[in-house]
Amino acid sequence: MSTAASVRIDRSGDALRIADRVTGQMYALGVPTSASSTDPVERTDEFPAPVDRTVTLSTDRIDLPEPMFCWLHDADGELIHAIEEDPFRGDLSGPAGGFLELSTLVKTYLRFEEPFAVRGGADGFHVDLGGRAQVTVGARAWHCYPEATIRIDERPRDLMAAVSRFGSSLRTTSPERAYPTLRGHPPAVRVGDGTAFPDGVTEPDTDVELVVPPDPASICAVAPLAYYLPATLTPGDRFAVRCGDEEFVPPGADVASAAAAVLRHCFTLDCFVRSAGIYPTEVVQRRRFEETAAVDLDYAALYEASPAERTARYLRVPFEAVAPHVPPWPTTVVVPPTVRAAEALPGFVVQLATVRAADPPRHTGAAARTRVARAFAGDGTPTRATGVGRDLAAPVVEVPASDSRRTVWAGDGIPLNAVAFRLAGRRHRYDRATAPRTETTGTSVAVVCNDASMAGESEGVPEPLESRPDLEADYSLHRRTTTAQLRRIIERETDYLHFIGHATAEGLECVDGRLDVADVDHSGVRLFCLNACRSFRQGGTARRAGQRRRHRDRRRRGLPAGRRDRPRRRHPAGRGGCRSVA
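Position numbers for residues start from 1 in each chain and track the written sequence from start to end. Confidence filtering applies because this is a predicted model: local features only for residues at pLDDT of at least 70, side-chain atom pairs given and counted only at 80 or more, and all residues used for totals across whole chains, interfaces and linings. The side-chain values count all of the structure's non-hydrogen atoms but skip hydrogen atoms and water molecules.

Quick notes on the overall build of the protein
Within the protein, the regular secondary structure consists of 15 helices and 32 strands. For the protein, with 582 residues in total, the buried portion stands at 52%. Working definition of accessibility: Shrake-Rupley area with a 1.4 Å probe, residue cover restricted to the visible protein chains. Looking at the protein as shown, the accessible area adds up to about 26300 Å², and 48% of this sits on carbon and sulfur atoms. Secondary structure is summarised from DSSP: a helix means a run of H or I of at least four residues, a strand means a run of E of at least two, and numbering begins at the N terminus for each. For each residue, the accessible area found with a 1.4 Å probe, counting protein chains only, is set against the maximum for its type, and the residue is called buried under 20%, exposed over 50%, and partly exposed in between.

Quick look at the pattern of salt bridges
Pairing between side chains becomes possible if they bear opposite charge and their charged atoms approach one another. Should a side-chain nitrogen of Lys or Arg be within 4 Å of a carboxyl oxygen of Asp or Glu, the pair is scored as a salt bridge. The tally for this structure, following the rule as stated, stands at 22 salt bridges. The partner of aspartate 52 in a salt bridge is arginine 171, and the shortest N-O contact between them spans 3.1 Å. With a gap of 119 residues between them, aspartate 52 in the loop between strand E4 (36-37) and strand E5 (53-63) and arginine 171 in the loop between helix H1 (156-164) and strand E14 (188-191) connect regions that are remote in the sequence. Owing to a relative accessible area of 5%, aspartate 52 belongs among the buried residues under this scheme. For arginine 165, the salt bridge identified is with glutamate 203, shortest N-O distance 3.5 Å. One end of the pair, arginine 165, is in the loop between H1 and E14; the other, glutamate 203, is in the loop between E14 and strand E15 (208-212), and 38 residues separate them in sequence. Note on arginine 165: relative accessible area 14%, which makes it buried. Salt bridges here are not isolated pairs; linked through shared partners, they connect Arg8, Asp10 and Arg17.

Let's talk about the sheet that holds strand E17 (residues 240-243)
Overall, mixed pairing links the four strands, which are arranged E16-E15-E17-E18 in an open sheet. Each edge of the open sheet is held by one strand with a lone partner, namely strand E16 (232-235) and strand E18 (246-248). When the angles between neighbouring strand axes are averaged without regard to direction, this sheet yields 25°. Strands qualify as paired when DSSP identifies two bridges or more between them. Where E15 and E17 come together, four bridges link them in antiparallel fashion. Looking across to E17, one finds that glutamate 209 is bridged to arginine 242. Contacts are residue-level and defined by heavy atoms, with any inter-residue pair within 4.5 Å sufficient. Where helices are involved, their axes are fitted lines through C-alpha atoms of the stretch in contact, as for all axes, and angles between N-to-C directions lie from 0 to 180°. Taken strand by strand, H1 contacts E15 and E16, and its axis lies near 155° from that of E16.

Focus on the side chain of arginine 140
Residue position: arginine 140 is located in strand E12 (residues 124-140). We treat Lys and Arg as the positive residues and Asp and Glu as the negative residues; His and chain ends play no part in the count. Although buried, arginine 140 forms no salt bridge, and the nearest oppositely charged side chain, glutamate 101, lies 5.8 Å from it. Identification of polar contacts relies on pairs of N or O atoms within 3.5 Å, with a donor-acceptor requirement for protein atoms, meaning one able to donate a hydrogen and the other able to accept it, and with residues adjacent in sequence counted only if both atoms are side-chain atoms. Here threonine 181 takes part through its side chain, which lies 2.7 Å from a polar atom of the side chain of arginine 140. Sequence-distant contacts of arginine 140, defined by excluding residues within four places in its chain, comprise Val7, Ala49, Pro50, Val51, Asp52, Val106, Lys107, Tyr109, Arg171, Thr181 and Leu182.

Focus: the confidence of the model for the protein
A residue's pLDDT is the predictor's confidence in that residue, given on a scale from 0 to 100. For the protein, the average pLDDT comes to 84, and 84% of its residues sit at 70 or higher. Below a pLDDT of 50 lies the segment residues 381-388, which in the model reaches 10 contacts outside its immediate sequence neighbourhood of four places, other chains included. Note on residues 561-582: pLDDT is under 50 here. Beyond four places in sequence and across chains, it has 35 contacts.

Brief notes about the sheet that holds strand E29 (residues 503-504)
Spatially, the three strands line up as an open sheet ordered E29-E30-E31, and their pairing is antiparallel. At either end of the open sheet lies a strand with only one pairing partner, and these are E29 and strand E31 (513-515). Pairing of strand E30 (residues 507-510) with E31, which is carried by three bridges, proceeds in the antiparallel orientation. If you follow glutamate 509 over to E31, its bridge partner there is arginine 514.

Details of H1
Residue pairs three or four apart in sequence face the same way in an α-helix, which turns once every 3.6 residues. Of all nine residues making up H1, seven are buried, and the element is well covered by its neighbours. Here H1 has its buried residues at Asp158, Leu159, Met160, Ala161, Ala162, Val163 and Ser164. Those residues of H1 hidden inside the fold are in contact with strand E13 (149-152), E15, helix H2 (216-221), helix H3 (223-228) and E16.

Quick notes on the side chain of histidine 363
Residue placement: histidine 363 occurs in strand E21 (residues 362-363). For histidine 363, the contacting residues outside a window of four places in its chain are Ala368, Arg371, Pro395, Val396 and Glu398.

Description of the nonpolar core
For this analysis, a nonpolar core means a set of buried residues of the types Ala, Val, Leu, Ile, Met, Phe, Trp, Tyr and Cys, connected via side-chain atoms within 4.5 Å. Judged by nonpolar contacts, the single largest core of 76 residues is most densely connected at Leu210, Leu233, Phe239 and Phe289. Among all residues touching phenylalanine 239, those that are not within four sequence positions of it are Leu210, Val211, Pro213, Val222, Leu225, Val249, Pro250, Val255, Ala258 and Ala259. Ile62, Leu72, Val118 and Val127 belong to the second-largest nonpolar core, a separate cluster that totals 33 residues.

As for the packing of helix H4 (residues 255-273) against helix H7 (residues 307-316)
At a minimum axis separation of 10 Å, H4 and H7 run at an interaxial angle of 110°. Judged by the angle between their axes, H4 and H7 are roughly perpendicular. Judged by residue contacts, Val262, His265, Cys266, Leu269, Asp270 and Val273 of H4 engage Arg310, Tyr314 and Leu315 from H7. Of the residues that constitute the contact of H4 with H7, the class distribution is six nonpolar, one polar and two charged. Angular relationships are summarised with four words: roughly parallel below 35 degrees, roughly antiparallel beyond 145, roughly perpendicular across 65 to 115, and oblique for the angles in between. As a working rule, the residues Ala, Val, Leu, Ile, Met, Phe, Trp, Tyr, Cys and Pro are called nonpolar, Asp, Glu, Lys and Arg charged, and the rest polar, with Gly in that last group.

Structural notes on the environment of valine 355
As for its position among the elements, valine 355 is in strand E20 (residues 354-357). With residues near it in sequence (within four places) discarded, valine 355 still touches Cys220, Ala221, Pro224, Ala256, Val333, Val335 and Leu345.

Considerations on H4
Each helix should span, by expectation, one fewer than its residue count multiplied by 1.5 Å. End to end, H4 covers 27 Å across 19 residues, agreeing with the expected 27 Å (1.5 Å per residue, within 8%). Of all 19 residues in H4, 17 are buried, a share of seventy percent or more. Among the residues of H4, the N-terminal cap falls to aspartate 254, whose side-chain oxygen and the backbone nitrogen of alanine 256 are separated by 3.3 Å.

A short note on the packing of aromatic side chains
The aromatic pairing rule takes the rings of Phe, Tyr and Trp, using the six-membered ring of Trp, and pairs them if the centres are within 6.5 Å, calling planes under 30 degrees apart stacked, those over 60 edge-to-face and the rest tilted. Applying the stated criterion across every chain yields a total of eight aromatic pairs. With centroids separated by 3.9 Å and ring planes inclined at 25°, the aromatic side chains of phenylalanine 112 and phenylalanine 116 adopt a geometry described as stacked. Phenylalanine 112 gets classed as buried once you look at its relative accessible area, which sits at 0%. The class of phenylalanine 116 is buried, set by a relative accessible area of 4%. Relative to phenylalanine 267, the ring of tyrosine 228 lies with its centre 6.1 Å away and its plane at 55°, an arrangement referred to as tilted. With tyrosine 228 in helix H3 and phenylalanine 267 in helix H4, this pair connects stretches of sequence that are 39 residues apart. Like phenylalanine 267, tyrosine 228 is buried. Cluster of aromatic residues (ring-pair linked, three or more members): Phe47, Phe99 and Tyr109.

What follows is the structure, encoded as structure tokens:
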């Protein structure tokens with residue numbers, strides 16, 4: 001499915017619904033029932049920023065959701081007015097050819113053929129066209145998924161070539177790349193199946209290079225930076241950034257620390273500089289930076305500079321001057337120091353996560369149980385009679401701490417003090433997002449509560465859903481289910497399943513026994529939460545049940561069911577040869 005297909009725009013009575021099919025987010029613009037509209041098309045030349053899908057309306061009015069920020073631009077994209085009042089009360093005039101940029105759940109633009117007025121008052125927030133006129137509506141998905149797959153062999157030089165091409169998915173190299181909607185998802189990576197780079201997946205032509213030691217740990221660590229700048233990787237004895245003829249050796253105890261520092265530094269300065277472009281919005285951190293740093297930056301010149309010139313100027317700014325204004329970093333992912341770790345990278349790179357490679361200690365048996373019990377207690381005192389640490393499905397991994405809000409372990413085993421990442425689960429999510437799906441008007445949510453003492457949690461689930469009108473949640477609550485009932489719930493097509501109760505290695509507890517998810521034929525659940533002690537094994541089994549559903553659906557579509565279902569083939573040219581990508 002293309003990025004255009006990830007955005008859905010359709011009419012339903014007096015509403016024009018705009019949805020991101022991957023994230024499930026949705027909102028609506030109000031239009032008169034007398035308004036006419038064209039079928040959605042893939043057209044991206046109507047606006048100064050990329051869009052995935054457009055429709056054209058013929059109408060005299062459009063009602064806008066409140067509260068909402070939006071920006072009024074002229075036909076050339078110059079900002080006329082930023083509407084940031086909540087609620088907006090007043091009248092603004094827009095010229096023919098001008099457009100409104102809406103800060104909605106799915107990024108949306110409205111282009112007007114005729115002069116128009118934006119009005120806020122007793123009858124709501126709306127656009128008045130003064131008569132029937134044409135309006136082009138364009139939308140861009142907030143998040144995406146890989147549209148191509150790079151295949152490499154298990155060699156560091158192949159890994160460098162793959163990471164050098166991650167930046168090909170950026171939608172802009174201007175400072176607006178700091179906005180997540182203008183960063184496309186890097187290509188997926190498959191290791192050990194020959195070497196092939198799809199058409200269009202190329203190295204960036206930015207004159208920016210990252211010099212990096214040619215080992216998997218160092219290459220993985222610089223992947224987010226290579227994607228963001230974007231930059232090409234070249235082997236060397238130490239980490240450095242080359243911008244044209246200039247070379248910079250950034251501070252850092254190791255490659256991972258230095259690469260993370262450069263990424264955070266450049267990202268923060270992009271947030272300052274982008275206000276000199278089509279979004280002249282004040283950034284509080286920029287004002288504080290100017291008040292405290294003895295640095296004079298020409299923001300307009302930096303905005304217009306080439307990627308190499310801008311990066312070089314950024315790296316001349318002292319890191320210690322910018323560091324106090326860097327936002328808290330959301331994610332650090334720890335990966336094994338192998339080429340195969342590249343398969344996990346793209347989904348974290350698009351988040352600009354910090355990447356570190358490590359081979360942390362693993363524990364089994366009594367040592368594992370002791371560490372799990374201490375981690376579970378939180379105060380270093382092992383618990384008693386909780387069953388914590390019994391029936392461990394895999395070795396326990398002591399993942400090193402990070403300075404991010406969340407640490408993720410992308411290797412085998414059960415991580416302590418980190419989130420467990422499973423590549424098969426991410427691939428399953430991508431396949432489900434891109435597979436043909438019956439269109440619905442909302443998000444289906446099923447809550448199962450099999451313990452009366454935990455009923456309060458089940459009663460609290462609808463609250464956040466009710467505050468999210470974009471989800472239009474279809475909510476169902478199931479109490480004290482039997483194994484047969486829980487099986488049917490898991491097999492049903494559901495966006496989110498929340499299980500509240502108890503679990504053992506043998507299964508999820510029901511009123512008539514335990515349901516081992518391994519015995520479920522397939523899972524139709526897109527996302528699940530098992531709020532039950534000792535549910536790690538059942539969670540992994542639920543993910544594999546989803547994969548069985550994925551494989552079955554792919555066979556029905558005439559596609560290979562998955563990596564394990566493909567016959568092993570040798571390329572006639574040997575391991576170094578290339579073959580076409582299916």
